[in-house]
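Overview (structure and organization)
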Amino acid sequence: MELIKAMTFSAILTAAIAMVLGSQGTSAGALAVHGVQFAEAKLYWSWPIFLSGTGLAWGLMLLQR
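Residues numbered from 1 in each chain as written. Predicted model: local features only at pLDDT ≥ 70, side-chain atom pairs only at ≥ 80, totals over all residues. Heavy atoms only, no water.

Once that is clear, we can look at the pattern of salt bridges. Think of it this way: side chains of opposite charge can pair up when their charged atoms draw near. Tallied over the full model, the rule gives one salt bridge. Among the salt bridges present, the one from Glu2 reaches Arg65, with a minimum N-O distance of 3.5 Å. With Glu2 in helix α1 (residues 2–23) and Arg65 in the segment after α2 (47–63), the pair connects residues that are 63 residues apart, well separated along the chain. (Salt bridge = Lys/Arg side-chain N within 4 Å of Asp/Glu carboxyl O. Helix = DSSP H or I, 4+ residues; strand = E, 2+ residues; numbered from the N terminus.)

Bringing the packing of aromatic side chains into the picture now. A complete count under the given rule lists three aromatic pairs for this structure. Relative to Phe50, the ring of Trp45 lies with its centre 5.6 Å away and its plane at 45 degrees, an arrangement referred to as tilted. Judged by its relative accessible area of 22%, Trp45 falls in the partly exposed class. Counting every residue linked through ring pairs, the aromatic cluster contains Trp45, Trp47 and Phe50. (Phe/Tyr/Trp six-rings, centres within 6.5 Å; stacked < 30°, edge-to-face > 60°. Buried < 20%, exposed > 50% of the residue type's maximum accessible area, 1.4 Å probe, protein only.)

Okay, α2 next. Compared with an ideal rise of 1.5 Å per residue, which puts 17 residues at 24 Å, α2 spans 24 Å between its outermost C-alpha atoms and is within 8% of the ideal. Ile49, Phe50, Gly53, Thr54 and Ala57 are the residues of α2 that are buried. End-on, the buried residues of α2 take up no more than an arc of 125 degrees, which puts them together on one face. Among the exposed residues of α2, those pointing more than 90 degrees away from its buried face are Leu51, Leu56 and Leu63. The inward-facing, buried residues of α2 contact α1 and β2 (41–45). Between the side-chain oxygen at the start of α2 and the backbone nitrogen of Ile49 there is a gap of 3.5 Å, and the oxygen is on Ser46. (Expected span 1.5 Å × (residues − 1). Arc of directions from axis to C-beta. Contact = heavy atoms within 4.5 Å. Polar contact = N/O pair within 3.5 Å; in protein donor to acceptor, adjacent residues only side chain to side chain.)

In structure tokens, the structure reads:
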């Protein structure tokens, strides 16, 4: 259950960071922010931020047990 909570937190964190960095026109180097066009909206995402955020949040939740 902690992993699902961690992935939810990480998705929100990733969306916020990627939106700020992607809207500035940068890929942020190792963060690999990329834009995806859906209809008339452009969404930004970064798998490295998502995976590291999930690991960090999951570790913190396990420490709180």
